Amino acid sequence: TISTKFQVSHAKVQVDRYAAAKPFLDEILGNEEIKALAGIYWAALYDRGRIAEHEAKLDDAVKYYRSAIDEIERQRSTINTEGAKIGFFGDKQAVYQALVRLLFQSGKFEDAFLIGERSKSRALVDMLAKKQDFHIAAQNTEKINQLLSRAQVGEVALTRNTAADTELTTKLSQRSLSTGTAEKA
């Protein structure tokens, strides 16, 4: 079954037996039924990205990592309760970290920044949703505005991927950075 093949391939990836895991993952990802197995699909994409990275096929690794993130976020959007969303996202940060690291190493600094912000905004939203009651001191309003601006940057990146949206995200990022610089002055 797909589940059994994934477990075998995942175990092989975990012990750095990439060549042995690759055929299993290629077969799994070639099967359309994998998309119905939400918990396995994103993880298979992530493991396949790890194999591509090990093989120094960095463009392929980036493609797999991006697909894994898209799947994680697609699945998260279907969850109804905030508690379940928080629990769902918690163990998936490694995918974001791998993609940011590869983009940074490839000199794609803006893309790395946007993915990092996307990850941080998702974590911030989850953290705020988890917090039942919190008090904000009046003197911290500038910091709060800066954090909300950064969260907005991540949300734009999460929901849009066109060139115009990338320009908007860049402008929001610059505003967020200038707000932080002005605040420190």
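Residues numbered from 1 in each chain as written. Predicted model: local features only at pLDDT ≥ 70, side-chain atom pairs only at ≥ 80, totals over all residues. Heavy atoms only, no water.

Turning next to the confidence of the model for the protein. Looking at the protein, the pLDDT average stands at 77 and 61% of residues meet or exceed 70. Here helix α9 (residues 163-184) is the element of the protein with the lowest mean pLDDT, 55, and helix α2 (residues 18-30) is the one with the highest, 94. Below pLDDT 50 for its whole length, residues 159-164 participates in two contacts with residues either more than four positions away or in separate chains. (pLDDT = per-residue confidence, 0-100. Helix = DSSP H or I, 4+ residues; strand = E, 2+ residues; numbered from the N terminus. Contact = heavy atoms within 4.5 Å.)

What follows concerns the packing of aromatic side chains. Any aromatic ring pair is given by two values, namely how distant the centres are and how the planes are angled relative to each other. In the structure shown here, the tally under the stated rule is two aromatic pairs. Residues Tyr-46 and Tyr-65 carry aromatic rings whose centres are separated by 5.8 Å and whose planes lie at 40 degrees to one another, so their mutual orientation is tilted. You can see Tyr-46 sitting in helix α3 (residues 38-54) and its partner Tyr-65 sitting in helix α4 (residues 58-77), a full 19 residues away along the chain. Like Tyr-46, the residue Tyr-65 is buried in the burial classification. Summarising the aromatic geometry, the rings of Phe-104 and Phe-109 are spaced 5.1 Å apart at their centres and angled 65 degrees between planes, so their arrangement reads as edge-to-face. The ring of Tyr-64 carries the charged tip of Lys-63 above its face, separated from the ring centre by 4.7 Å. (Phe/Tyr/Trp six-rings, centres within 6.5 Å; stacked < 30°, edge-to-face > 60°. Buried < 20%, exposed > 50% of the residue type's maximum accessible area, 1.4 Å probe, protein only. Lys NZ or Arg CZ within 6 Å of the ring centre and 35° of its normal.)

End to end, α2 covers 18 Å across 13 residues, agreeing with the expected 18 Å (1.5 Å per residue, within 8%). Among the residues of α2, those classed as buried are Tyr-18, Ala-21, Lys-22, Leu-25 and Ile-28. Close packing links the buried residues of α2 with α1 (2-14) and α3. (Expected span 1.5 Å × (residues − 1).)

Their axes nearest at 11 Å, the elements α3 and helix α6 (residues 93-105) cross at an angle of 30 degrees. In terms of their interaxial angle, α3 and α6 are classed as roughly parallel. Taken as a pair, α3 and α6 cross one another with a handedness that is left-handed. Of the residues in α6, those in contact with Trp-42, Tyr-46 and Glu-53 of α3 are Ala-94, Val-95, Ala-98, Arg-101 and Leu-102. (Axes fitted to C-alpha atoms, helices over the stretch in contact; angles between N-to-C directions. Parallel < 35°, antiparallel > 145°, perpendicular 65-115°, else oblique. Left-handed = near helix turned anticlockwise from the far one by under 90°.)

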